[in-house]
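Chains, contacts and geometry: an overview
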Amino acid sequence: LGTCSVSPLVLASYHRNRTLTTLARGGHICLYFGFAMSFFGLATMLILFTMALERCLALGRPYFYERFLSPRTGLVALPAIYTFSAAFCSLPLVGFGRYVQYCPGTWCFIQMHLDSHQHDGELGGLNVTFSLLYATLLLFLILAVLLCNLSVIVNLARMHRRGQRTRRVTTLEQPRAPTGCGRHMFSMAEEIDHLLLLSIMTITFVICSLPFTIRAYVNKFSGAEADHEWDLLALRFLSINSIVDPWVFAILRPPVLHFLRSVLCCQLSPPAPGSGAVSPAVTKLAARLD
């Protein structure tokens, strides 16, 4: 939704060879563009944080999770996230902060550096303070998501080690089960799949989000002249996060990895002629994919 709401303006700017501020009188397009970029960026971060916190509580505090959290909580959390993001990103529209156009004139965002042409130094400092507040909020979300995902990874690693010990005891006490037909093998595979997914999502999230946060602090405290190329690069990284994360989550989610592993390991081979039995692994995989 965020991409679709701002991309036509960029295409129109290039098509007419005009900047966003000159596409319409009053600079309303620039204000809309800056609000949309900051709103969808913050809302995406908050949703990722909520998902990470939910996973962390589900594995780390299962009794608390079972008692106090329910699907209704998610229905309340989403409107709350969008309301908070809209209210926070509306502050520049009422005077605290400012949305400005950046080079090459095809995008607008929060003012991240002092404007030499602005005579009111106090107002300019207030505008940059809002960018610092926005960057601090993103930094907090980055650290919170990182800590939650690391907690989930640690819990999954502990489950994996407990499962290995249980399998070793079971192997010593009982006859060996046919390869690929035990429930524990799928349990171990699921743990590894979750570890892989969370690790890649966490790395992607940190790499894409940190450049903007660092750039905002540099612009605030360094006092150096504005470098629009670095500002543009930081915003591109911030935008890539909301594009890449859904694809990573869709491609690397456990059911897809289970299917690929089963195909590569030939676990989906048909039963022998005359036998109506279906392996438990195939049955469970079919149920999950269904």
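With an unreviewed UniProt entry as reference, the chain is termed Prostaglandin E2 receptor EP2 subtype, source organism Callaeas wilsoni. What UniProt records for the chain under Function (unreviewed entry) is the sentence "Receptor for prostaglandin E2 (PGE2). The activity of this receptor is mediated by G(s) proteins that stimulate adenylate cyclase. The subsequent raise in intracellular cAMP is responsible for the relaxing effect of this receptor on smooth muscle."

1. Overview of the layout of surface pockets
By volume, the largest pocket amounts to about 700 Å³. What lines the largest pocket is a set of 25 residues, and nearest its centre among them are Gly2, Thr3, Val6, Met37 and Ser239. Elements that contribute at least two residues to the lining of the largest pocket include exactly helix 1 (2–16), helix 3 (28–60) and helix 8 (228–251). The dominant element in the lining of the largest pocket, judged by the number of residues it contributes, is helix 8, at eight residues. Split into classes, the residues belonging to the lining of the largest pocket amount to 15 nonpolar, nine polar and one charged.

2. A short note on the UniProt feature "transmembrane region" (unreviewed entry) in the chain
Mapped onto the present numbering, the UniProt feature "transmembrane region" (unreviewed entry) falls at residues 31–53, 74–94, 132–157, 195–214 and 234–252. Taken end to end, residues 74–94 is 76% helix and 0% strand, and its first and last C-alpha atoms sit 31 Å apart. Regarding residues 132–157, the helix share stands at 100% and the strand share at 0%, and the terminal C-alpha atoms are separated by 37 Å.

3. Remarks on the packing of helix 1 against helix 3
Viewed as axis vectors pointing N to C, helix 1 and helix 3 meet at an angle of 150°, and their least axial separation amounts to 10 Å. Classified by the interaxial angle, the pair formed by helix 1 and helix 3 is roughly antiparallel. Seen from above, helix 1 lies across helix 3 with left-handed handedness. Residue-level contacts link Gly2, Ser5, Val6, Leu9 and Val10 of helix 1 to Ile29, Tyr32, Phe33, Ala36, Met37 and Phe40 of helix 3. For the contact of helix 1 with helix 3, the per-class residue count stands at nine nonpolar, two polar and no charged.

What counts, and at which threshold
Residues numbered from 1 in each chain as written. Predicted model: local features only at pLDDT ≥ 70, side-chain atom pairs only at ≥ 80, totals over all residues. Heavy atoms only, no water. UniProt positions renumbered as here; feature names shortened; annotations may be inferred. 1 Å grid on protein atoms, 1.4 Å probe; cavity = no way out; pocket = protein on both sides within 12 Å on 5 of 7 lines; lining within 4 Å. Points joined across faces, edges and corners; volume = space filled by probe spheres on them. Helix = DSSP H or I, 4+ residues; strand = E, 2+ residues; numbered from the N terminus. Nonpolar A, V, L, I, M, F, W, Y, C, P; charged D, E, K, R; others polar. Axes fitted to C-alpha atoms, helices over the stretch in contact; angles between N-to-C directions. Parallel < 35°, antiparallel > 145°, perpendicular 65-115°, else oblique. Left-handed = near helix turned anticlockwise from the far one by under 90°. Contact = heavy atoms within 4.5 Å.

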